[in-house]
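Remarks on the overall topology
Okay, here's what each chain looks like letter by letter:
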Amino acid sequence: MRVLNLVQAIHEALDLALARDERVLVFGEDVGRLGGVFRVTEGLQTKYGEDRVFDTPLAESGILGLAIGLAMGGMRPVAEIQFAGFLYPALDQILSHLGRWRHRSRGRVGLPVVVRAPYGGGVHTPEQHADSPEAILGHTPGVKVVIPSSPERAKGLLLAALEDPDPVFFLEAIKLYRGVRAEVPEGYYTLPLGKARILREGKAATLIGYGGMVEVMLEAAEVAAREGVEVMVVDLETLVPLDEDTLLAAVRETGRAVVVYEAMRTGGFGAEIAARIAEGAIDYLQAPVVRVAGYDAPYPPFSAVEHFYRPNAKRVLAALRRVLRY
Amino acid sequence: MKLKVVRYLDRGEFPLGAEEALALYRAMRRARFFDEKALTLQRQGRLGVYAPFMGQEAAQVGVALALGEGDWVVPSYRESALLLARGLPIHTLILYWRAHPAGWRFPEGVRAVNPYIPIATQIPQAVGLALAGRYRGEEWVVATSIGDGGTSEGDFHEGLNFAAVFRAPVVFLVQNNGYAISVPKSRQMRVDYIAQRAEGYGMPGVVVDGNDAFAVYLEAKKAVERARKGEGPTLLEALTYRLAPHTTSDDPSRYRSKEEEEAWRQKDPVLRLRKALEDKGLWDEEREKALLEELEEEFGRELSLADSAPEPRPEEIVEHVYAEMGPDQKRVWEALRRGLHLEEVG
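Since we're looking at a predicted model, the values are computed, not measured. (Residues numbered from 1 in each chain as written. Chains lettered and ligands numbered in written order. Predicted model: local features only at pLDDT ≥ 70, side-chain atom pairs only at ≥ 80, totals over all residues. Heavy atoms only, no water.)

**Focus: the sheet that holds strand β9 (residues 197–200) of chain A**
For sheets, the rule is that strands pair by backbone hydrogen bonds, running either parallel or antiparallel. Residues and elements named next belong to chain A. Strand order in the open sheet made by the five strands is β9-β11-β10-β13-β14, with mixed pairing throughout. Either end of the sheet is taken by a strand with one partner, and the two such strands are β9 and β14 (290–294). Here the average twist between neighbouring strands, direction ignored, is 25°. Summarising the sheet, strand β13 (residues 257–264) and β14 pair through four bridges and their orientation is parallel. (Pairing = 2+ DSSP bridges. Helix = DSSP H or I, 4+ residues; strand = E, 2+ residues; numbered from the N terminus. Axes fitted to C-alpha atoms, helices over the stretch in contact; angles between N-to-C directions.)

This is the structure:
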């Protein structure tokens, strides 16, 4: 099997989808001739033509609105937003319409839209380029939120997102684009949305996270193991719909949980995870659920302080020690 | 840039055949009839908040009748006349304004989508819908409408730019009724005509007397034709006035004078067209009476249909959020189906 990075795996998924289904369209800012600022769509315009893969004017709300209209008319648009932090101008389209159309038309208008956006930090980007807005998206009824953590998962999940009858936000951790490589199966395959994965077994505590934080959790688990503490690692992968069964079973098994996410702490998606654990597994808990997250401040734009903000293995280990002390 | 306001009525011009002119009048009269009934129902507590369109019938019906069967309308919330003229059943519209779930699902055969409450967000969506027709080889035209206030929103500008860049078959109807609820046009923009802006996007801009059904209809037809031929979008500005409040919760006496309202009442689009038809010998009191009887009977029938819609079930609140219910919706739905009370669902 070939070894691909995240960019190559996502590119391959888009290529397969464009070849398979004429309704699939790929568009956004700079995705055509340039192939996207991260080169995810490189070569697709040459291969599929300017009607199927095209550049739009620089206007995020317009891009989301266009995607909604195209989907209404029976197409399967894949819109790229250059950075997830640039989704904010399009929030009206997302909150007022993308998530709501099926409901407000009582099922007449379904929107099979996929919105891809790079998110998260760790690569020294300018302001607004490292935001993690998954909690805002997850707080929108009617959309799904998927955040893969590896190339082979990304390919199958993106193809599943494209087959899904509802809008899916597909957030791609910038840190992982060229930072993870793995064997990726050839050809077309899908992986089910809405399933969490146990990446590592352990009885002492459960680490829960997704996307760019998965490698951080695995690193912390590795260090802990060397110290004789085996922890379980859960990759949520799909935030909405959330696989509560796997999540709660994992926490019930260990009685201790640390939730890791790189968005700001207050109201972040990890707060939702902690609340679900409190509701569904309180009888099993032997310690409070602890969050390791970004701080309640904007994500810092410059590399000199970025590493203070973004959760790392050290902070996860410190949190782990806290929950193990109880 | 000088734009001329296109107008036929009150100049003795009659540019349409009898059949077309009568179709326009009947549709406008029917819309007015609905609007009056809706206001009465609202006052009786039999309708929720309602946004009347009275005074804007020519703008809406003129565009609706200029469209072909396969074309779509993407309306804003004041466009009930547009929807009725496109074939939306009256009982569906009543249920829509009752916020009854059955009124949210427009029938499949009706090429109209639910009205938009947020301002201007429909504009880029209409462009996408128009392009979808091109991809499918159907080339349907999309007519979408907005008020003068809505043209201040970013989505209006993004949508028009997208339409021009992609040469999308869209007709943008701006119903310039002079007010964004209470704020007059002079506080929204520093241009005489919104249609002037069309040139800035690279599309034709046309201004019509929006209370002149002939003018709206004929210019809309040209715009639809242009779109169908692949020549791209048109911005059609209809100068008009809403004779009623913004919604049934609004009090226009706080921001408009009686004199102004009265002056516009003289230009009532329904009465103006009726007079033109009468002058031509195509209409009279007797025909009007017969039409009103017909409308009364139709409305009564449709109202009974709306009244007999089943009471909404509590579990409907989590239906149609996704094509297939997710675990969080299913939990609530099943609990409610089992007969649990909302406070027990958690």
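**Details of the sheet that holds strand β4 (residues 170–176) of chain B**
Residues and elements named next belong to chain B. Taken in spatial order, the six strands line up as β1-β7-β8-β4-β3-β2 in an open sheet, and their pairing is parallel. Among the strands making up the open sheet, the edge pair consists of β1 (5–6) and β2 (72–74). Two strands pair when backbone bridges link them, and β1 and strand β7 (residues 205–209) are joined in this way by two bridges, in the parallel orientation. When the sheet's bridge partners are listed, Val5 is paired in β7 with Val207.

**With respect to the side chain of B:Glu302**
Residue and element names in this part refer to chain B. Tracing the chain through its elements places Glu302 in helix α12 (residues 285–307). For the buried Glu302, no salt bridge exists, and the shortest N-O distance to an oppositely charged side chain is 5.2 Å, to Arg301. For Glu302, the side chain forms a polar contact with the side chain of His91, separated by 2.7 Å. In contact with Glu302, other than residues within four places in its own chain, are Pro89, Ile90 and His91. (Buried < 20%, exposed > 50% of the residue type's maximum accessible area, 1.4 Å probe, protein only. Lys, Arg positive; Asp, Glu negative; His and termini not counted. Salt bridge = Lys/Arg side-chain N within 4 Å of Asp/Glu carboxyl O. Polar contact = N/O pair within 3.5 Å; in protein donor to acceptor, adjacent residues only side chain to side chain. Contact = heavy atoms within 4.5 Å.)

**So, helix α10 (residues 244–254) of chain A**
Because the α-helix completes a turn every 3.6 residues, residues three or four places apart line up on one side. Residues and elements named next belong to chain A. Among the residues of α10, Leu247, Leu248, Ala250, Val251 and Thr254 are the ones counted as buried. The arc that holds the buried residues of α10, viewed along the axis, is 160°, so those residues lie on one side. Residues of α10 that are buried in the fold lie against β9, β10 (206–209), β11 (232–235), β13 and α11 (269–281). (Arc of directions from axis to C-beta.)

**As for a positive patch on the surface**
All names here are of chain A. On the surface, Arg265, Arg321, Arg322 and Arg325 cluster together into a positively charged patch. Along the polypeptide, Arg322 turns up in helix α13 (residues 313–325). For Arg322, a relative accessible area of 46% translates into the label partly exposed. (Patch = residues over 30% accessible without salt bridge, like charges linked within 9 Å, V, L, I, M, F, W, Y side chains within 5 Å. Areas by Shrake-Rupley, 256 points an atom, 1.4 Å probe, with all protein chains shown as cover. Charge placed at Lys NZ, Arg CZ, Asp CG, Glu CD.)

**Some thoughts on the interface of chain A and chain B**
Chain A puts 43 residues into the contact, and the matching count from chain B is 42 residues. Across the chain A/chain B interface, buried area totals approximately 3400 Å², and carbon plus sulfur atoms make up 60% of it. When the buried area of chain A at its contact with chain B is split by residue, A:Arg104, A:Arg106 and A:Arg108 rank highest and sum to 25% of it. For the pair chain A and chain B, the interface holds four salt bridges. B:Glu108 is paired through a salt bridge with A:Arg108; the nearest N and O atoms lie 3.8 Å apart. (Buried area = accessible area lost by both parts, 1.4 Å probe.)

**Remarks on the pattern of salt bridges**
All names here are of chain B. The full count for this structure, using the stated rule, is 55 salt bridges over all chains. For the salt bridge of Lys229 with Glu231, the shortest nitrogen-to-oxygen distance reads 4.0 Å. Its relative accessible area of 39% is what places Glu231 among the partly exposed residues. A salt bridge links Glu297 to Arg301, with the nearest nitrogen and oxygen atoms 3.7 Å apart. Placement of both Glu297 and Arg301 in helix α12 is noted, with a separation of four residues, approximately one turn of the helix. With a relative accessible area of 48%, Arg301 lands in the partly exposed category.

**A closer look at the packing of aromatic side chains**
All names here are of chain A. Under the definition given, this model contains 21 aromatic pairs over all chains. For the pair Phe27 and Phe54, a centre-to-centre distance of 5.0 Å together with 15° between the ring planes defines the contact as stacked. Taken together, the residues span a long stretch of sequence, with Phe27 in strand β2 (residues 24–28) and Phe54 in strand β3 (residues 53–55) at a distance of 27 residues. Taking relative accessible area as the criterion, Phe27 reaches 0% and is therefore assigned buried. Between Phe38 and Phe83 the ring centres are 5.4 Å apart and the planes differ by 70°, which places this aromatic pair in the edge-to-face class. Of this pair, Phe38 sits in the loop between β2 and α2 (44–48) while Phe83 sits in the loop between β4 (76–80) and α4 (91–98); the two residues are 45 residues apart in sequence, bridging distant segments of the chain. (Phe/Tyr/Trp six-rings, centres within 6.5 Å; stacked < 30°, edge-to-face > 60°.)

**Side note on the packing of helix α2 (residues 57–66) of chain B against helix α9 (residues 213–228) of chain B**
Residues and elements named next belong to chain B. Taken N-terminus to C-terminus, the directions of α2 and α9 make an angle of 40°; their axes are 8 Å apart at the nearest point. Crossing of α2 over α9 shows right-handed handedness. Contact with α2, carried on its side by Ala58, Ala59, Gly62, Val63, Leu65 and Ala66, involves Ala213, Val216, Tyr217, Ala220, Lys221 and Val224 of α9 and no other residues of that element. (Left-handed = near helix turned anticlockwise from the far one by under 90°.)

**Quick look at the nonpolar core**
By size, the foremost hydrophobic cluster in this structure holds 129 residues, and its most contacted members are A:Leu98, A:Leu236 and A:Ile277. The next biggest cluster of nonpolar side chains, apart from the first, holds 79 residues, and it includes B:Met54, B:Ala81, B:Ile90 and B:Leu303. (Core = buried A, V, L, I, M, F, W, Y, C linked by side-chain atoms within 4.5 Å.)

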